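# Coordinates in review
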Amino acid sequence: VEKPAVRQISRKKTGAIGVIIEHMSSPFGLDMMYQLDLRAQELGYYTLVRFSYGSIEKEAAEIEYLMGLGIEGLVIMPCHGLYYNQQILKLYLEGFPVVIVDKTMQGIHLPSVRTDNVSAVRTLVRKLAEEGCRRIAYISSEETNVTSVRERRKGFIEGIDSCAAAEAGILLLPLKSTQEDFLSNTAQGERTQQKIWEFLLSRESRIDGVICGEYSLLLPLLRAIGSLSGQNNLRIATIDSDPLAPGGYPYMHMKQDERAIARKAVELLRDQLKGRSASAADYLIPAIFVPADE
C-alpha cells in the first residue's frame, strides 16, 4: 500500500504517546513495556498503556480511546490475524506517527522493530549441534499468518542445512490465542502434551535435541518426556525463558533483547514526532544466547 501525500494534521501537544500491547508475560513483553516507558520519559514523553488481548475489535477500540485522549504518537504490537486492523491503516494514511513492535505489516510502509527470529533459531540449532546433537526436532505453533512463527521455522531449516545435524521432524501445533489463554498462568493443555508425546514416541530412537519455537511449549514437552522411557537425555533449547521460574535457566535459550527493541521503537517514534520522515525499514534486533544453567 503506497502512502499518499497528506496534509499534516494539527494536534495539540500533550506529551503523551500511546502504547498498545497484544499481551505480555515474564518470558516476553514485561521488560519491553517497562523500557518503552523509561525511554519515553528520557525523551520527555509520558506513555499511556493499553492491552488488546489478541482481539482486533478491542485493539481498534483502544486506538480510538487513546486518540480521544490526545496522544501524539503510537507504539503498537498488533494482533495476529488474517487482516490488518482498519484503524492502523487509517492512522498510516493520515500520516500519524506509528511504530510497530514485535511484528511487521507487509505492504504497509511503517517502521517496525522486532527480533531477528531466523538468526535466533539458527543459532540454537548450531549450539545443539556443537553439544553433540545429530537429530534435532522442532516444535512450534502452526500459525502461518504470524511472522515470527514463519521466520523461526525458516531459521530451523536453515540451521539444519548449515551444520552437521539432521532434521528429526517438525511438529506444528494448533495453539489458541484467545484472551483467556493470554490471561492464564498455565501452559498449553493436555491435548498439546498428548500430541508432543505421540510425536516423540514415533521418533523415539531418532531424536537427541528439541527446540521449542515458543516458550509456552516447554512445560508440555517436559511432561511428555517424563512419560516416555529413554527420552530423559534429550537436550532442549527454547526461544525465551522465564526469569521468575524456580531453578534459573536450566535450558539454553535465545533471549529477545526487549530493551533494545523498546529503545529503538521510541526513538523511531520520536523522529516522527520531531517532523523527520519515518523510515519504513524493518529493524531486526539480534537475540541474546543464554547457555544452559548446568
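Residues numbered from 1 in each chain as written. Predicted model: local features only at pLDDT ≥ 70, side-chain atom pairs only at ≥ 80, totals over all residues. Heavy atoms only, no water.

### Comments concerning the sheet that holds strand β11 (residues 282–285)
Read from one edge of the open sheet, 6 strands run β2-β1-β3-β4-β5-β11, paired in parallel fashion. The open sheet is flanked by β2 (46–51) and β11, the only strands paired with a single partner. Within this sheet the neighbouring strands show an average axis-to-axis angle of 20°, counted without direction. Two strands pair when backbone bridges link them, and strand β1 (residues 16–21) and strand β3 (residues 73–76) are joined in this way by 4 bridges, in the parallel orientation. Residue Ile-20 lies in a different strand from β3, and its bridge partner there is Ile-76. (Pairing = 2+ DSSP bridges. Helix = DSSP H or I, 4+ residues; strand = E, 2+ residues; numbered from the N terminus. Axes fitted to C-alpha atoms, helices over the stretch in contact; angles between N-to-C directions.)

### Here we look at the sheet that holds strand β7 (residues 166–173)
Pairing in this open sheet of 6 strands is mixed, and the strands run β7-β6-β8-β9-β10-β12 from one edge to the other. The sheet is open, and its two borders are formed by β7 and β12 (288–290), each paired with just one other strand. Going from strand to strand, the sheet's axes swing by 15° on average, the running direction of each strand aside. Sheet topology places strand β6 (residues 135–141) next to β7; 6 bridges connect them, and they run parallel. Paired with Ile-136 across the strands is Glu-167, a residue of β7.

### A closer look at the pattern of salt bridges
Inspection of every chain in the model, using the stated rule, returns 16 salt bridges. For Glu-22, the salt bridge identified is with Lys-103, shortest N-O distance 3.1 Å. Of this pair, Glu-22 sits in the loop between β1 and α1 (30–42) while Lys-103 sits in the loop between β4 (98–101) and β5 (112–115), and the two are 81 residues apart along the sequence. Lys-103 matches Glu-22 in its accessibility class, with the two residues each being buried. Between Arg-50 and Glu-62 there is a salt bridge, with its nearest N and O atoms 2.8 Å apart. Here the residue Arg-50 occupies a position in strand β2, and Glu-62 occupies one in helix α2 (residues 56–69), the gap between them amounting to 12 residues. Classification of Arg-50 as partly exposed rests on a relative accessible area of 32%. (Salt bridge = Lys/Arg side-chain N within 4 Å of Asp/Glu carboxyl O. Buried < 20%, exposed > 50% of the residue type's maximum accessible area, 1.4 Å probe, protein only.)

### Concerning the nonpolar core
Core analysis: the largest hydrophobic core is formed by 23 residues, its most contacted members being Ile-21, Met-32, Leu-36, Val-75, Val-101, Val-113 and Ala-265. Looking at this core, the element that brings in the most residues is helix α9 (residues 258–273), giving 7 residues. Residues in contact with Val-101, not counting those within four places in the same chain, are Met-32, Val-75, Ile-76, Met-77, Pro-78, Val-113, Ile-261 and Ala-265. Counting 20 residues, the second largest nonpolar core, distinct from the first, contains Leu-171, Leu-175, Leu-200 and Cys-212. (Core = buried A, V, L, I, M, F, W, Y, C linked by side-chain atoms within 4.5 Å. Contact = heavy atoms within 4.5 Å.)

### A few points about the pairing of strand β9 (residues 235–239)
With 4 of its 5 residues buried, β9 lies for the most part within the structure. When strand β8 (residues 209–212) meets β9, the two strands line up parallel, connected through 4 bridges. Residue pairing for β9: Gly-209 is matched across the bridge by Arg-235. Note that β9 and strand β10 (residues 252–255) share 3 bridges and pair parallel. Across the sheet, Ile-239 pairs through a bridge with Met-254, a residue of β10.

### Here we look at the packing of helix α7 (residues 190–202) against helix α8 (residues 218–226)
Running from N to C, α7 and α8 point in directions that differ by 50°, and their axes come no closer than 8 Å. With respect to α8, the element α7 is oriented oblique. Both α7 and α8 take part in a crossing whose hand is right-handed. Judged by residue contacts, Thr-192, Gln-193, Ile-196, Trp-197 and Leu-200 of α7 engage Pro-220, Leu-221, Arg-223, Ala-224 and Ile-225 from α8. (Parallel < 35°, antiparallel > 145°, perpendicular 65-115°, else oblique. Left-handed = near helix turned anticlockwise from the far one by under 90°.)

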